[in-house]
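A look at the structure
Each chain is listed here by its residues.
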Amino acid sequence: MLKDNLVILRNCKGVSQEEIAGIIEISRQAYAKWERGETVPDIEKCDRLAKYYGISIDDLMHFENKQYGLNLPPGPKGKHICGITAINERGQVVIPKQARELLKIKKGDDFIVFVDENEGIALVKRETFETKMEKIESMVKETTDEFTINS
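Residues numbered from 1 in each chain as written. Predicted model: local features only at pLDDT ≥ 70, side-chain atom pairs only at ≥ 80, totals over all residues. Heavy atoms only, no water.

For any two helices packed against each other, one specifies the inter-axial angle together with the distance between the axes. Where helix α1 (residues 2-13) meets helix α3 (residues 28-36), the closest approach of the two axes is 6 Å, and the angle between their N-to-C directions is 120°. Residues K3, L6, V7 and R10 of α1 pack against Y31, W34, E35 and R36 of α3. A per-class count over the contact of α1 with α3 returns four nonpolar, no polar and four charged. (Axes fitted to C-alpha atoms, helices over the stretch in contact; angles between N-to-C directions. Helix = DSSP H or I, 4+ residues; strand = E, 2+ residues; numbered from the N terminus. Contact = heavy atoms within 4.5 Å. Nonpolar A, V, L, I, M, F, W, Y, C, P; charged D, E, K, R; others polar.)

A few words now on unusual backbone geometry. A positive phi is found at E25, a non-glycine position, where the angle reads about 65°. Relative to the helices and strands, E25 is located in the loop between α2 (17-23) and α3. Since its relative accessible area comes to 60%, E25 is described here as exposed. Although it is not a glycine, K104 sits at a positive phi angle of roughly 55°. The residue K104 is located in the loop between α6 (97-102) and β1 (111-116) in this model. (Buried < 20%, exposed > 50% of the residue type's maximum accessible area, 1.4 Å probe, protein only.)

This part is about the pattern of salt bridges. Taken as a whole and judged by the stated rule, the model has ten salt bridges. Its salt-bridge partner being K51, residue D47 comes within 3.1 Å of it at the nearest N-O pair. On the criterion of helical spacing, the pair formed by D47 and K51 is a turn pair, its members being four residues apart in helix α4 (residues 43-53). For D47, a relative accessible area of 26% puts it in the partly exposed group. The class of K51 is exposed, set by a relative accessible area of 59%. What emerges from the salt-bridge pattern is a single network uniting E25, E44 and R48. (Salt bridge = Lys/Arg side-chain N within 4 Å of Asp/Glu carboxyl O.)

This next bit is on the confidence of the model for the protein chain. Here the protein chain shows a mean pLDDT of 88. Residues at 70 or above account for 93%. By mean pLDDT, the top-scoring element of the protein chain is α3 (96), and the lowest-scoring one is helix α7 (residues 126-150) (85). (pLDDT = per-residue confidence, 0-100.)

Glancing now at the nonpolar core. In this structure, L6, Y31, W34, L49, Y53 and L60 are the most contacted members of the largest nonpolar core, which totals 16 residues. With four residues, α4 is the single largest residue contributor to this core. (Core = buried A, V, L, I, M, F, W, Y, C linked by side-chain atoms within 4.5 Å.)

What follows is the structure, given as structure tokens:
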């Protein structure tokens, strides 16, 4: 897993072994051994790599990048690939168990459904969306009030 993650993360970032080795202050040869699985980095180097890629050390070490038949890199901290789901004959989608557990989703929870015709669908918990909208409305009101006072 680690060696595969190192290769895919480096390629996604578009950097060479030489460049990533320089960033984490090791030789290219040492880095190449990690990608081949001949040796492994110490915890300090893992920390540097994880920070550079914006992921957790746990995902760097343990993320199974060939999950679901896809060759994917670990997601940024707080972002997860939770599985593949299909639309059933009634147009319903089952949210994978890992996603339900991470988001503490329970029966009866409401979601706002966003659609991007080119990208797909996103679900946001209704209360999260409403809280964010209230903050935006408050900021707009404060700005409007400030503009009115200063005019």
